[in-house]
Amino acid sequence: MSLLDVRDLSVVFQRRGERPFTAVDKVSFSVEPGQTVGLVGESGCGKSVTSLAIMGLLPRRGNKVTGEVNFDGADLLKLRPDDMRDRRGRDIGMIFQDPLSSLNPVVPIGVQVAEVLERHRGMDRKVAMKEARELLDAVGIPDPMRRLKEYPHQISGGMRQRALIAIALACKPRLLIADEPTTALDVTIQAQILTLLKQLVDETGTALIMITHDLGVVAGLCDTVNVLYGGKVVERAERHELFARPRHPYTHGLLNSVPRLDSPRGERLHAIRGSVADNIPWVEGCAFAPRCDNVVDACLEGTPPLEPTATGGDLRCNNPVSEEVAVP
Amino acid sequence: MLRVIVRRLLQLVVTLIGLSLLVFVWLRNLPGGPIEALLGERATPERRALLVKALGYDQPILVQYAKFMQRLLTGDFGNSIRSGDPVTEVIGRAFPATIELAAAAMIIAIGLGVPLGYLAARHRGRLLDNMSIAGTLLGISIPIFFLGYLLKDVFTQNMHWFPPSGRMSTGVDNTEVTGFFVLDGLLTREFDASADALWHLILPALTLATIPLAVIVRITRASVLDVLNEDFVRTAEAKGLRHKTIRGRHILRNALLPVVTTIGLQTGALLSGAVLTERVYNWGGLGTLIYNSISGGRDYPVLQALILLAALVFVVVNLLVDLSYAFIDPRVRVR
Ligand SMILES: Nc1ncnc2c1ncn2[C@@H]1O[C@H](COP(=O)(O)OP(=O)(O)OP(=O)(O)O)[C@@H](O)[C@H]1O
Ligand code: SF4
Ligand SMILES: [Mg+2]
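What counts and what doesn't
Residues numbered from 1 in each chain as written. Chains lettered and ligands numbered in written order. Predicted model: local features only at pLDDT ≥ 70, side-chain atom pairs only at ≥ 80, totals over all residues. Heavy atoms only, no water. UniProt positions renumbered as here; feature names shortened; annotations may be inferred. Buried < 20%, exposed > 50% of the residue type's maximum accessible area, 1.4 Å probe, protein only. Helix = DSSP H or I, 4+ residues; strand = E, 2+ residues; numbered from the N terminus. Core = buried A, V, L, I, M, F, W, Y, C linked by side-chain atoms within 4.5 Å. Domains from an automatic or database assignment. Contact = heavy atoms within 4.5 Å. Near = heavy atom within 4 Å. Polar contact = N/O pair within 3.5 Å; in protein donor to acceptor, adjacent residues only side chain to side chain. Nonpolar A, V, L, I, M, F, W, Y, C, P; charged D, E, K, R; others polar.

- An unreviewed UniProt entry lists chain B under the name Peptide/nickel transport system permease protein, with Micromonospora chaiyaphumensis given as the organism.
- According to the UniProt record, the Sequence similarities (unreviewed entry) comment for chain B reads "Belongs to the binding-protein-dependent transport system permease family."

- As recorded in an unreviewed UniProt entry, chain A goes by Peptide/nickel transport system ATP-binding protein and comes from Micromonospora chaiyaphumensis.
- Quoted verbatim from the Sequence similarities (unreviewed entry) heading of the UniProt record, the comment on chain A is "Belongs to the ABC transporter superfamily."

1. Points about helix H1 (residues 47-55) of chain A
All names here are of chain A.
- Taking burial as the measure, the 9 residues of H1 include 8 buried ones, the bulk of the element.
- Those residues of H1 lying buried are Lys-47, Val-49, Thr-50, Ser-51, Leu-52, Ala-53, Ile-54 and Met-55.
- The positive-phi residue at the C-terminal boundary of H1 is Gly-56, with phi of around 70 degrees.

2. As for the nonpolar core
- Leu136(A), Ile165(A), Met210(A) and Tyr250(A) are the most contacted members of the largest nonpolar core, which has 60 residues in total.
- Residue-level mapping places this core at the junction of two domains, with at least three residues from each of domain 1 (2-221) and domain 2 (232-260 + 267-313) of chain A.
- Residues contacting Ile165(A), with those up to four places away along its chain left out, are Ile95(A), Val139(A), Ile193(A), Leu196(A), Leu197(A) and Leu200(A).
- Listed in part, the 36 residues of the second largest apolar core include Met106(B), Leu225(B), Leu252(B) and Trp283(B).

3. Side note on the site of ligand 1
Residues and elements named next belong to chain A.
- Around ligand 1, a shell composed of Phe-13, Arg-15, Phe-21, Ala-23, Ser-43, Gly-44, Cys-45, Gly-46, Lys-47, Ser-48, Val-49 and Glu-180 is seen.
- One nitrogen or oxygen atom from the main chain of Cys-45 is found 3.3 Å from an oxygen atom belonging to ligand 1.
- At 2.9 Å from an oxygen atom of ligand 1 is found a main-chain nitrogen or oxygen belonging to Lys-47.
- Secondary-structure elements contributing two or more residues to the shell around ligand 1 are strand S2 (21-31) and H1.
- At 3 residues, the largest contribution of residues to the shell around ligand 1 is made by H1.
- By residue class, the composition of the shell around ligand 1 is 5 nonpolar, 4 polar and 3 charged.

Structure (structure tokens):
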């Protein structure tokens, strides 16, 4: 059985006096124990909203969440708020994009690690601090004894993200959600953090949902990849399959816009034309149609369905990129 | 930290010297004055000249100031012109009354203001929030004098819930230790005296508390709203922490920074509110003393000392604010 099974998850934002906005539209995917699953797509496609909905962290008002989030036999969306609170940080950990703003500036690092141990593992402060020291050590923070008493502004960006990883993994959750954990960091630090994450999930057997707009991150980490566009899954494939033979024109475009070491010198990168602003609503056709090179008549006659592919993935496209010409 | 304190104290000394000179010159250029007050409008010029000389007012103003400063350094503020008692004694008698009143007002303002502001922010846009916005608007705009008489009218004349004026009922036996009556009663175990003093304290303290209460509610609300949007609050929620922990450690500790500054400013502003409140409730503190020293014929020595005292209180309170700021916010500490 899957560890996490998301079924038809939708999130509609509804502000007074505004048109309802569907940020996440019937998204389904699952995560097996120990597996690393990627959620990929450009800014605004609903990656963060999906993860916040899974965690039950969306604002209490102004949105409607439907569908199922089955985790460990229970639908998280139906849990009482207090039961969900018991699970957050214990069964599911989460790390965020900006490590500086994600840490409380007026509380020492040690306390910020220890409090989650006190909450979920019933430790008292002294024991929790000892454990916190070991956790900081495990995520590669040098001189952890000293760091316990320091404040977020006193340590570097990379170390802050390491501290947040220590916090998220403190209670050995079975699932970790990482929402663009390296976007705010220097390139060299990015690689270190990714290596650390990979090592930790391998060692502990934690399943990981890796949210990113960076296919490079996916290439190094994920077993399965879900490509999101306009709040919907448009392609799902096993990692090697996706990189070798992207079928959806959007995925194809994303891959072509990534610089490759082996591409001939002087060859231009093909950015996807237009922007998300050109999207049409899914009900009127394929949201990607205005930017798509493969568009056919059917694309403007209702939402293309998500259908299984021969290689075990799923695809939502009327005229996919043919398997032979997939990648140059 | 020590360096900050020393620097602030030096600043304080400079401020006080400058202020004292200003006040000195300003007071002596006001129309009316102690001579008229003491002798009446129709005193003979000879008698006036004699008194002016006796008080030293015939000398150049800077000479007067120099003498005043000289005596000040030995702790001598001179004598009240009205009563003839040493200024330190006159002020010492009134000081505890006002501090007791101001402290009670601030306890009310902070004790109610911070929780109310927090709740309003958490229920943003709903009934409680709208009520608090309307209430604080009223609290800020209603004149203290008017509110004081209104409360007094309703709760003493009509309902007889509270005594109309003074700090203590006549006939209550109390021993003065600190001059803070509520505290004294507790110290000497004369609990009935404490209760009586508290009973007298409630209405004036409420009156004086309205403005700081309203301001603290507003600042707390705005500040909590800011903090609620911060990423670290989301992190705290993602950790599954209890409400209590998130509220105290993560929201309020950050939200209180601007509130603490406000508390400092409001404590300074309390002094002006105290003058009016003390008039309404016949409180007999510094406010009353200021009023009497101005209207009862410019009592220069007392007024001078009072203004300097007010400045001193203001600066000390703000020093305390800065220190507590540094205590709450580690980012300030390193500087
Ligand atoms: N609280 C909210 N109220 C209204 N709309 C929201 C809210 N949060 C997000 N949205 C909208 O939902 C859409 C998806 O947002 P989301 O944050 O999930 O994007 P994302 O894929 O994480 O993008 P990014 O790469 O920029 O983080 C966006 O169009 C955003 O404007
Ligand atoms: S469905 Fe049509 S428009 Fe949409 S991606 Fe496929 S080919 Fe392009
Ligand atoms: Mg996001």
